[in-house]
Each structure stands twice: as C-alpha cells, then as structure tokens.
Amino acid sequence: MAVELELTEELRKLYADVDAKHMAPLWNVTAQLLPREPASKAIPWLWRRDDYWPLCQRAGELVPIERGGERRVLAFINPGLEGKYATTHTIWAAVQYLQPGEIAPAHRHTPNAIRFIIEGSRAFTTVNGDKCFMERGDLVLTPAWTWHDHGHEGSEPMIWMDGLDLPLVGDLEGVFFEPFKGDRQPPLGINASERRHGLGQLRPAISAAPEAYPGLLNYKWSQTATRLQTLGDEDATPYDDIALEYVNPHTGGPVLPTLACWIQRIRPGIHTRARRQVASKVYHVFEGEGWSVINGRRFNWKQGDFFCVPTWSWHEHANTSSHDAVLFSVQDTPVFQAFGLYREEALQSGDGRQITAR
Ligand code: 1HN
C-alpha cells in the first residue's frame, strides 16, 4: 500500500528519475516488504501414493539412469510456487525409484539431503565410502558435499523419499555440483557409521579422531520403531501427540544444519491442537490413515501419501482409525533457529482447533 501522496508533476518526475537510476522509494513499498506476518506463496497440498506410484513405475520403464540425468526422481511441486522446483519455499521433496541392478552414479553437491525409505530392501547409498544398506523406515543422510551413489542388490524396485534444502541453497546462490570420477565409489566400510555411532547415548572414543564418515548416516527403523513404541501416553504432546526428533548423536541438535527430521505416532482417536510455526514442513505418511487441517483446509491421508505445511500455516492432525498413524517429516526449523528467527504460536480460540472450510 502506497503512502497517500498527491502525485504532483514534480513527484511523478522524481519517481521516474529514481527508477531510471535503478533505485526505489521505500515509502511506496513498506507494507509489501514488511508484512505483519509471513504469507507463504506455497500452499498446503497433498500428493497421493495412488498417483505417484504408477508414474514412478512408468518412469522406471522409460527412463534409464545415466550420467547427466543422474537420478530417477519425481519431485513434488507446490502449485503456489510458480516456476520454482520446490515443495515449500525452502524444501525439495521427491520420490526416487531404483530397480535391481541399477546404479545412480556418484556425485556431490552443496545442498544437504535426507532419504526416508518407503518400500523395498537391499538398495544402498554409499556416502563418502560408507556403504549404507537401506530398508523401509530408515533415514539416511547425505550431508552437504559428501560423495554419494546409489545401487541396488535386492530383487524388487526400491522407492524412497528425498528431502533437500535445494530451494534454499539455490536462493542463497550457493549451489555447487561435482561428478565423481567413476560411477560408484569403492566402499571403505559397510554400515560403518551405523555400527560406530548408531547408539547415540554411548559415544565411542574413536569418534574424536579424524574419520572418513561424517557421523551417523543411517538411522535404522528398528531403533526408531522401538523408541516410538516405548514412549507412552504420558509422553504425548498436545500438538504432535507422541513425537521424536532425530538428532545428531554428538550434538543433540538437528540431523543437518538446515533440515530437522521428526517421526511421530498419533494414537487412535487422537486429534491434536492447532499450532503454526515459522518453519515449513513436508510430511510422509509412513503408516495408517487420518487427516490434517492446514489453514482451514482438510486433507485426508493414508499410507504412502505426502503433504506440505508452508511457513506460518495452522496445522493439526487427527487419527480416526483404530490403529496408530505414523508421520515422518522434514522441516527447515534449524535455519530459523540458527538466525534467531524461530517463532511458533498455538491457536487460542475455541477448543484450539481450526474451523474447517470443507
Ligand atoms: C540428488 O542428488 C539426489 O543423490 C536425489 O539421490 C534428489 C534432487 C535434486 C538435486 C539432486 C540423490 C535430488 C538430487
């Protein structure tokens, strides 16, 4: 909203001259540059397994994985972010499809990446020489600038979620990329990071020494599942029910400098209270079915679906079924925390839940 100034001939001339010198008067754009609160261009959205799974299979038949293309990845594109390859303004989320015997060639890049395994077993990601075998429910990290290639020694196609801070690093103009000399790295170890760092409450002395592997790379589902089930009713929170953050076992902080990962179990019949956070998130429905209300819109979800919560959007979740629902999420929270910008707010009105539009 512009300041109400009478547009005299002299003022009009001033604006034209300012513009001609590639300058701008702040008083005409203050409200645009300083809104009272963030209004993301990204919109809440849901992508269904029933839609992406056949598309992955068709891509599997038609598109080989080769140097240049590098990966068979189908990204979830937010309809509000025209022309931007992004799921929220900072996060790229996608599904990657790998068939037995295929090799996704080794490379490295400055964007950080996580993978969360949806289906299949005996595919692996080699990260800086550590060959990490992946199974359903595992969370595997490829931190910024680590070499990584994927291979598959199993018998069924493998599908996993990719989460990257690529839109953020892109906006920061900090993207670097480098192909490895060969297609695959020679493995230096097998599941080495997991054996060394996988029990986070005990720190091996050797981790103080220089090492090839950058900390824990594979958060195995068996351990995550045990923790999720060990927490009981008394450990529930009003906004997320029973929730755990994956942490770097050495720092207790987020798994990556820009991305935090969470897993949560919503018990049967639970309907959480609404909250909004300055962080944006992408959720994957690992198990169960239910719905979420995001900025007043209801999204019904079931196993395999993905949905996003843009910055500063109210969100609440419900499990209406008779078994647990398990949601995995990737969030840009650490970026806001690192710069002292993190905020969150609980919905105070009514019963702490949104009025649903439809
Ligand atoms: C990438 O390198 C992978 O290594 C997956 O598996 C998804 C999306 C954008 C850019 C690079 C991978 C990616 C990616």
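Our structure is the block above this text.
Analysis parameters
Position labels on residues start from 1 in each chain and follow its written sequence. With the structure being a predicted model, the display of local features is reserved for residues of pLDDT at least 70 and the display and counting of side-chain atom pairs for 80 or more, all residues being used for whole-chain, interface and lining totals. In computing side-chain properties, one takes all heavy atoms of the structure into account and sets aside hydrogens as well as water. In this text, helices come from DSSP runs of H or I with a minimum length of four residues, and strands from runs of E with a minimum of two, each type numbered from the N-terminal end. Categorising residues by exposure relies on relative accessible area from a 1.4 Å probe, with only protein chains included: less than 20% of the type maximum marks a residue as buried, more than 50% marks it as exposed, and the intermediate range marks it as partly exposed. Here a residue-residue contact requires only that any non-hydrogen atoms of the pair lie within 4.5 Å. Identification of polar contacts relies on pairs of N or O atoms within 3.5 Å, with a donor-acceptor requirement for protein atoms, meaning one able to donate a hydrogen and the other able to accept it, and with residues adjacent in sequence counted only if both atoms are side-chain atoms. Whether a residue is near a molecule or strand depends on its heavy atoms: it is near if one of them lies within 4 Å of it. Computed with the Shrake-Rupley method and a 1.4 Å probe, the accessible areas treat only the protein chains shown as cover for residues. Ten residues, namely Ala, Val, Leu, Ile, Met, Phe, Trp, Tyr, Cys and Pro, are considered nonpolar, four, namely Asp, Glu, Lys and Arg, are considered charged, and the remaining ones, Gly among them, are considered polar. Put simply, a salt bridge is a Lys or Arg side-chain nitrogen that is within 4 Å of an Asp or Glu carboxyl oxygen. In this description, strands pair whenever DSSP reports at least two bridges between them. Convention adopted: a line fitted to C-alpha atoms gives each axis, helices being fitted over their contacting stretch, and angles between N-to-C directions are expressed from 0 to 180 degrees. Only rings of Phe, Tyr and Trp enter the pairing, Trp through its six-membered ring, and a pair is recorded when the two centres are within 6.5 Å. The plane angle decides the type: under 30 degrees is stacked, over 60 is edge-to-face, the rest tilted. Geometrically, a charge over a ring is one whose NZ (Lys) or CZ (Arg) sits within 6 Å of the ring centre while staying within 35 degrees of the ring normal.

**Student:** Is there a simple way to think about the environment of Gln 185 in this case?
**Tutor:** Relative to the helices and strands, Gln 185 resides in the loop between strand S11 (177-179) and strand S12 (189-190). In this structure Gln 185 comes out as buried when scored by relative accessible area, which is 7%. Once the C-alpha coordinates of Gln 185 and Met 134 are considered, the two residues, 51 residues apart in sequence, prove to be 17 Å apart. Excluding residues within four positions of it along the chain, Gln 185 makes contact with Ala 106, Thr 126, Val 127, Asn 128, Gly 129, Trp 147, His 148, Asp 149 and Phe 180. Looking at Gln 185, its side chain comes within polar contact range of the main-chain nitrogen of Asn 128, at 3.4 Å. Here Asp 149 takes part through its side chain, which lies 2.9 Å from a polar atom of the side chain of Gln 185.

**Student:** Just to check I follow, could you spell out the site of the ligand for this structure?
**Tutor:** The full set of residues close to the ligand is Arg 71, Val 73, Trp 92, Gln 96, His 107, His 109, Arg 115, His 148, His 150, Asp 162, Leu 164 and Leu 166. The separation between an oxygen atom of the ligand and a polar side-chain atom of Gln 96 is 3.0 Å. For the ligand, an oxygen atom lies 2.5 Å from a polar atom in the side chain of His 150. Compared with its free state, where it exposes 320 Å², the ligand has 86% of that area covered by protein. Of the residues belonging to the shell around the ligand, the class tally is 4 nonpolar, 5 polar and 3 charged.

**Student:** Explanation requested: the pattern of salt bridges in the structure shown.
**Tutor:** Once their charged atoms are close, side chains differing in charge can pair, the charge on each being opposite to the other. The full count for this structure, using the stated rule, is 22 salt bridges. We note a salt bridge from Lys 84 to Asp 171, for which the minimum N-O separation is 2.8 Å. One end of the pair, Lys 84, is in the loop between strand S2 (73-76) and strand S3 (92-98); the other, Asp 171, is in helix H4 (residues 166-171), with 87 residues separating them in the sequence. Residue Asp 171 is classed as exposed on the basis of its relative accessible area of 54%.

**Student:** Got a minute to help me understand the pairing of strand S21 (residues 315-318) in this structure?
**Tutor:** On any regular strand, side chains alternate: one points to one face of the sheet, the next to the other face. Burial of S21 is two-sided: the residues His 315 and His 317 facing one way and the residues Glu 316 and Ala 318 facing the other way are all buried. Alignment of strand S18 (residues 289-294) against S21, held across 4 bridges, turns out to be antiparallel. Across the sheet, the residue bridging to Trp 291 is Ala 318, located in S21.

**Student:** It is not clear to me how the sheet that holds strand S17 (residues 281-287) should be interpreted in this structure. Could you clarify?
**Tutor:** Either a parallel or an antiparallel arrangement is found when strands of a sheet pair, and the pairing is made through backbone hydrogen bonds. Strand order in the open sheet formed by 6 strands is S1-S20-S17-S22-S15-S14, with antiparallel pairing between adjacent strands. Whereas interior strands pair on both sides, the edge strands pair on one side only; in this sheet they are strand S1 (45-47) and strand S14 (242-245). Between one strand and the next, the sheet's axes are offset by a mean angle of 20°, whatever the strand orientation. When S1 meets strand S20 (residues 306-309), the two strands line up antiparallel, connected through 3 bridges. Counted as the bridge partner of Trp 47 is Phe 306 from S20. The strands touched by helix H6 (residues 221-230) are S14, strand S15 (260-266), S17 and strand S22 (325-331); relative to S15, the strand with the most contacts, the crossing angle is about 50°.

**Student:** What exactly am I supposed to notice about the sheet that holds strand S9 (residues 148-152) here?
**Tutor:** Spatial strand order, S11-S4-S9-S6-S7-S12: 6 strands in an open sheet with mixed pairing. In this open sheet, the two edge strands, each paired with only one partner strand, are S11 and S12. With 6 bridges joining them, strand S6 (residues 121-127) and strand S7 (residues 130-135) adopt antiparallel strand pairing. Among the inter-strand pairings, Thr 125 is bridged to a residue of S7, identified as Cys 132.

**Student:** Mind showing me how you'd approach the packing of aromatic side chains here?
**Tutor:** Given two aromatic rings, one states the distance between the centres and the angle between the planes to describe the pair. The tally for this structure, following the rule as stated, stands at 15 aromatic pairs. Taken together, a centroid distance of 4.6 Å and an interplanar angle of 55° make the contact between Trp 221 and Phe 286 tilted. In this pair, Trp 221 sits in helix H6 while Phe 286 sits in strand S17, placing the two residues 65 residues apart along the sequence. Residue Phe 286 is classed as buried on the basis of its relative accessible area of 1%. Here the aromatic cluster, defined as three or more aromatic residues joined through ring pairs, consists of Phe 116, Tyr 219, Trp 221, Tyr 246, Phe 286 and Phe 328. Arg 122 extends its terminal NZ or CZ atom over the ring of Phe 133, reaching a point 4.5 Å from the ring centre. For the cation-ring pair, Arg 136 lies above Phe 286, with the distance from its terminal atom to the ring centre recorded as 3.8 Å.

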